[in-house]
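Overview (structure and organization)
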Amino acid sequence: MSLTAKDKAADKALWAKISGKADDIGHDALSRMLAVYPQTKTYFSHWKDLSPGSAPVRKHGKTVMTGVGEAVSKIDDLTNGLLSLSELHAFRLRVDPTNFKILSHNILVVLAILFPTDFTPEAHVAMDKFLSALSLALSEKYR
Amino acid sequence: MNSVYRSTAAFSSGLNRSARYTWAATNQSYLNICPAVKPQDTMVQWTADERAAIQGVFATLDYESVGRESLARCLVVYPWTQRYFGGFGNLYNAEAIMANPKVAAHGTVVLQGLEKALKNMDDIKNTYTTLSELHSEKLLVDPGNFQLLADCLTMVIAKRMRTEFTPDIQAAWQKFLSVVISALRRQYH
């Protein structure tokens, strides 16, 4: 299920529309992930406050979306482009890769909420594929 | 179906894990009192807030419109699901799927089925026995697909409710869907 030229064009076009609100998207998606999938909280025991709107959640949402933006710019070769991020997740963070799917789902929910007219079925499938490809590239160094 | 069917997508789904986690977290003391009771025999517990949230979501739903868009999105975003709709005619591209009257009709049927679960929230498991048999024996649907359609339904609801679809409401709604999916999977063998 690799990204076609049409997918990449759709992803870049959608990113151009949404990148202005990247911080809000990241923050909202993370908040939803922590609320809807409480097992994900196990990765953030070092945060004092896990509630929506808290400083660590906002900051981390921004970090995550910066990574997504970087991936968009490297959409033609995600595996090689995201090698160092993959090493970070594999060796230091050791996040179970099933969680990438969970966060991706919540990013899509937030896009549906914030950009209802832009989140067409075509944009939805292109973004779903992109986030899956991104997750796969992030998993590259795990084993 | 003669084999136990486990689809990779559903097995690794965060939703099933979340439902089990939530059950275990809220029923620790019960487990200590009655260790012989197996987790799968115990009723799902709903808080008052969860019931209100789920009923609130349903109150916003126009079954025809939401049903049509959810099923259409599922067929577009996960094209392999089209395998179950060979008799539906033109499914060649997103526009055709969105405009297809059979997709629209069937979307409504799905939402009406979900309403049954809403009206029997304390016994979704038994309410869905016939539906589960229908999907496993007659329609032969890979149960992994239930999660795909559920996710598309969640997106469509998010699109319409927008910021009113808060994280807590999303949590209750997804818990409801995971119970529905679990009930639909029950008769597979």
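Residues numbered from 1 in each chain as written. Chains lettered and ligands numbered in written order. Predicted model: local features only at pLDDT ≥ 70, side-chain atom pairs only at ≥ 80, totals over all residues. Heavy atoms only, no water.

**Describing the overall build of chain A**
A count of helices and strands for chain A gives seven helices and zero strands. The N-to-C order of helical and strand elements in chain A reads α-α-α-α-α-α-α. Relative to the compact-globule value of 15 Å for 143 residues, chain A shows a C-alpha radius of gyration of 15 Å, a close match. Its C-alpha atoms give chain A principal-axis dimensions of roughly 45 × 35 × 20 Å. With 143 residues in all, chain A has 51% of them scored as buried. Considering only contacts within chain A whose residues lie at least 6 apart along the sequence, 74% involve residues at least 24 apart. Taken as a whole, chain A presents about 6900 Å² of accessible surface, with 56% of it coming from carbon and sulfur. With 18 positive and 15 negative side-chain charges, chain A shows a separation of 5 Å between the mean positions of the two kinds. (Helix = DSSP H or I, 4+ residues; strand = E, 2+ residues; numbered from the N terminus. Rg over C-alpha atoms; globule rule 2.2 N^0.38 Å. Buried < 20%, exposed > 50% of the residue type's maximum accessible area, 1.4 Å probe, protein only. Contact = heavy atoms within 4.5 Å. Areas by Shrake-Rupley, 256 points an atom, 1.4 Å probe, with all protein chains shown as cover. Lys, Arg positive; Asp, Glu negative; His and termini not counted. Charge placed at Lys NZ, Arg CZ, Asp CG, Glu CD.)

**So, the pattern of salt bridges**
The final tally for this structure, using the stated rule, is 11 salt bridges over all chains. A salt bridge links Asp76 of chain A to Lys8 of chain A; its shortest N-O distance comes to 3.0 Å. Highlighted residues: Asp76 of chain A in the loop between α3 (55–73) and α4 (78–81) and Lys8 of chain A in helix α1 (residues 5–18), separated in sequence by 68 residues. Asp76 of chain A sits in the exposed class, given a relative accessible area of 58%. A relative accessible area of 19% means that Lys8 of chain A is categorised as buried. Across the pair Arg160 of chain B and Glu69 of chain B runs a salt bridge, and its minimum N-O distance is 2.8 Å. Of this pair, Arg160 of chain B sits in helix α10 (residues 144–161) while Glu69 of chain B sits in helix α5 (residues 63–77), and the two are 91 residues apart along the sequence. Using a relative accessible area of 41% as the deciding quantity, one classes Arg160 of chain B as partly exposed. (Salt bridge = Lys/Arg side-chain N within 4 Å of Asp/Glu carboxyl O.)

**Topic: the nonpolar core**
With 78 residues, the main nonpolar core has Leu111 and Phe130 of chain A together with Ile54, Phe58, Ile124, Trp173 and Phe176 of chain B as its most contacted residues. The contact partners of Phe58 of chain B, leaving out residues within four places of it in the chain, are Tyr63, Leu114, Glu115, Leu118, Trp173 and Phe176 of chain B. Judged by nonpolar contacts, the second largest core, of 16 residues, contains Val125 of chain A together with Leu71, Ala72 and Tyr78 of chain B. (Core = buried A, V, L, I, M, F, W, Y, C linked by side-chain atoms within 4.5 Å.)

**Considerations on the state of the cysteines**
All names here are of chain B. Counted according to the given criterion, the structure contains zero disulfides over all chains. The structure places no disulfide on Cys74, whose sulfur is separated from the nearest cysteine sulfur, that of Cys152, by 4.6 Å. For Cys74, a relative accessible area of 4% puts it in the buried group. (Disulfide = S-S within 2.5 Å.)

**Observations regarding the packing of α5 of chain B against helix α7 (residues 101–119) of chain B**
All names here are of chain B. Contact geometry for α5 and α7: axes closest at 7 Å, N-to-C directions at 110°. Between α5 and α7, the interaxial angle falls into the category roughly perpendicular. Seen from above, α5 lies across α7 with right-handed handedness. Contacts from Tyr63, Glu64, Val66, Gly67, Arg68, Leu71, Ala72 and Leu75 in α5 reach Val103, Ala104, His106, Gly107, Thr108, Leu111, Gln112 and Glu115 in α7. The residue makeup of the contact of α5 with α7, split by class, is eight nonpolar, five polar and three charged. (Axes fitted to C-alpha atoms, helices over the stretch in contact; angles between N-to-C directions. Parallel < 35°, antiparallel > 145°, perpendicular 65-115°, else oblique. Left-handed = near helix turned anticlockwise from the far one by under 90°. Nonpolar A, V, L, I, M, F, W, Y, C, P; charged D, E, K, R; others polar.)

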